[in-house]
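# Fold and geometry: a report
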Amino acid sequence: MERETHEESGDFAPESPLLGRGNPDFPGKSSSATACVLLSTFVAVSGSYVFGSAIGYSSPAQSGIIDDLNLSVAEYSWFGSILTIGAMIGGAMSGQIADKLGRRSTMAFAEVFCIVGWATISFAKVAGWLDAGRFLVGYGMGVISFVVPVYIAEITPKDLRGGFTTVHQLVICFGVSITYLIGSFVGWRILAAAGLVPCLVQLIGLSFIPESPRWLAKVGKWGDFEIALQRLRGEFADISSESDEIKGYTEALDRLPKGSMLDLFQRRYAGSVIVGVGLMVLQQFGGVNGVSFYASSIFISAGFSSSLGMIAMVLVQIPMTILGVILTDKSGRRPLLLVSATGTCIGCLLVGTSFFLQGLMLLKETTPFLALLGVLDHSH
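As the structure is a computational prediction, the values presented were derived from the model and not from experiment.

## Comments concerning the environment of Lys364
- Summarising the element assignment, Lys364 is placed in the loop between helix 15 (333–359) and helix 16 (367–379).
- In this structure Lys364 comes out as exposed when scored by relative accessible area, which is 55%.
- In the structure, Lys364 is positioned 146 residues away from Lys218 in sequence and 62 Å away in space, judged by C-alpha atoms.

## Points about unusual backbone geometry
- Phi at Met361 is positive, roughly 60°, even though this residue is not glycine.
- Along the chain, Met361 turns up in the loop between helix 15 and helix 16.
- Of note, the phi angle at Leu363 is positive, near 50°, even though the residue is not glycine.
- Tracing the backbone through its elements, the reader meets Leu363 in the loop between helix 15 and helix 16.

## What to know about the packing of helix 5 (residues 127–155) against helix 6 (residues 161–183)
- Relative orientation of the contacting elements helix 5 and helix 6 amounts to 155°, with a least axis distance of 9 Å. The pairing of helix 5 with helix 6 is recorded here as roughly antiparallel in orientation. Crossing of helix 5 against helix 6: the hand is right-handed. On helix 6, the residues touching Ser145, Val148, Pro149, Ile152 and Ala153 of helix 5 are Arg161, Phe164, Thr165 and His168.
- Its residues placed into classes, the contact of helix 5 with helix 6 shows five nonpolar, three polar and one charged.

## Points about the environment of Glu251
- Turning to its location among the elements, Glu251 is positioned in helix 11 (residues 240–255).
- When the C-alpha positions of Glu251 and Ala217 are compared, they lie 9.3 Å apart, and in sequence the two are 34 residues distant.
- For Glu251, the side chain forms a polar contact with the side chain of Lys247, separated by 2.5 Å.

## Here we look at helix 3 (residues 73–101)
- Taking 1.5 Å per residue, 29 residues should reach 42 Å; helix 3 reaches 40 Å between its end C-alpha atoms and fits that length.
- The largest bend in helix 3 is about 45°, located at Ser94.
- Buried residues of helix 3: Tyr76, Phe79, Gly80, Ile82, Leu83, Gly86, Ala87, Gly90, Ser94, Ile97 and Ala98, and no others.
- Where helix 3 is buried, its residues contact helix 2 (35–69), helix 4 (103–123), helix 5, helix 9 (213–218) and helix 13 (288–302).

## Digging into the side chain of Arg233
- With respect to the helices and strands, Arg233 occurs in helix 10 (residues 222–233).
- Separated by 2.8 Å, the side chain of Arg233 and the backbone oxygen of Ile155 make a polar contact.
- Side-chain polar atoms of Arg233 contact the side chain of Glu242, separated by 2.8 Å.

## Let's talk about the nonpolar core
- By size, the foremost hydrophobic cluster in this structure holds 69 residues, and its most contacted members are Tyr57, Ile65, Trp118, Ile121 and Leu130.
- No other element matches the 14 residues that helix 2 contributes to this core.
- Ignoring any residue separated from it by four or fewer positions in sequence, one finds Trp118 in contact with Val50, Ser53, Ala54, Tyr57, Val137, Ala192, Gly195, Leu196 and Cys199.
- Counting residues in hydrophobic clusters, the runner-up holds 10 residues, among them Ala217, Phe225, Ala228 and Leu229.

## Here's the deal with the packing of aromatic side chains
- This structure, assessed with the given rule, holds 10 aromatic pairs.
- With a centroid separation of 5.3 Å and an interplanar angle of 75°, the aromatic rings of Tyr57 and Trp118 are classed as edge-to-face. Residue Tyr57 is located in helix 2, and its partner Trp118 is located in helix 4; the two are separated by 61 residues in the primary sequence. An identical accessibility class is assigned to Tyr57 and Trp118; each is buried.
- Ring geometry for Phe304 against Phe369: centres 5.7 Å apart, planes inclined by 80°, an arrangement best described as edge-to-face. On the criterion of sequence distance, the pair formed by Phe304 in the loop between helix 13 and helix 14 (306–331) and Phe369 in helix 16 is long-range, its members being 65 residues apart.
- Cation over ring: Arg134 sits above Phe79, and NZ or CZ is 5.2 Å from the ring centre.
- Looking at Arg214, its charged tip hangs above the ring of Tyr249, at a distance of 5.8 Å from the centre.

## Structural notes on the packing of helix 3 against helix 4
- At their nearest, the axes of helix 3 and helix 4 sit 9 Å apart, and the two run at 160° to each other. In terms of axis orientation, helix 3 runs roughly antiparallel to helix 4. When the axes of helix 3 and helix 4 are compared, the crossing they make is right-handed. In contact with Phe79, Ile97, Ala98, Asp99 and Leu101 of helix 3, helix 4 contributes Arg103, Ser105, Thr106, Phe109 and Ile121.

Cut-offs and rules
Residues numbered from 1 in each chain as written. Predicted model: local features only at pLDDT ≥ 70, side-chain atom pairs only at ≥ 80, totals over all residues. Heavy atoms only, no water. Helix = DSSP H or I, 4+ residues; strand = E, 2+ residues; numbered from the N terminus. Buried < 20%, exposed > 50% of the residue type's maximum accessible area, 1.4 Å probe, protein only. Axes fitted to C-alpha atoms, helices over the stretch in contact; angles between N-to-C directions. Parallel < 35°, antiparallel > 145°, perpendicular 65-115°, else oblique. Left-handed = near helix turned anticlockwise from the far one by under 90°. Contact = heavy atoms within 4.5 Å. Nonpolar A, V, L, I, M, F, W, Y, C, P; charged D, E, K, R; others polar. Polar contact = N/O pair within 3.5 Å; in protein donor to acceptor, adjacent residues only side chain to side chain. Expected span 1.5 Å × (residues − 1). Bend = angle between axes of the 7 residues up to and from the residue. Core = buried A, V, L, I, M, F, W, Y, C linked by side-chain atoms within 4.5 Å. Phe/Tyr/Trp six-rings, centres within 6.5 Å; stacked < 30°, edge-to-face > 60°. Lys NZ or Arg CZ within 6 Å of the ring centre and 35° of its normal.

Function-wise, these values are silent; they only describe arrangement.
Quick look at the structure:
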């Protein structure tokens, strides 16, 4: 009677034919990257590109916006930094939104904000509209930063999960670099309009990909869960083992007591919280966003060609990010963090030295190249 009830209600049915149990026509293929997994990952990382283009926009657009709208340096600095305020708010809300709406709907939700934001920037005539658009893009970016890697991790087979999730960071870098490159040749309004393209790609693509099976299991939609998992693993794949694993994991989570934000302040979690939050805080104090947002202005102030500097950043960033992705699992996280921190320190020192020498009117022919080397070292 219990099994009949589950089957009729669409809940998880252990003997469902979708699981391929006892059927010789369903060979195990759960560890392969099917066309559906590849398409779903492509659609998801379109949001990662949006993230990167938002970070990269303010640098090449700076001179055009200041000249066209007659903004002061302080007004433009507010425009550049308000992105991070929106991202903080979006990031703080993203987990609850993703659990409530689902991964696909959350990505669509984020893209609506990004589309409205980019359109507002593109048509803005005054600083207020620029700031409003930038804030909306930042909010959508904050939501995307959480839901995209979560969705990718939940749809990919276990033995491919690490490689697929690193694509998120790679595409962010690609988005930053391509925005730098395009911005060297087009105006700021066209560059903002170009930001709409990956937003629309993801928004349209979401109609063709399945929801995360793990989220469907989490909310008890077992019938939809089986269909989504079978679609991701292939029509003839045996998904019985993975299905049981997800079901067991979901049931185990339901039995655990619900945690709260205050639990993070318990003494047993102090070390992990300090290390995790400390790394994020120190990264921001290292000036990574300042260099990304205002690289063009830094090059001009240093006496170096803005266009050549931006192109050089593109040529350095993408290969170095790919190298980082490759080395993450081979060399470990800690050595990469140490190397990255050393590079950031050297980069800041070179840029600082460049402007210090300029202030003393020394080595005028060398200081622009010191600034270039510093920005390149810092940004990779």
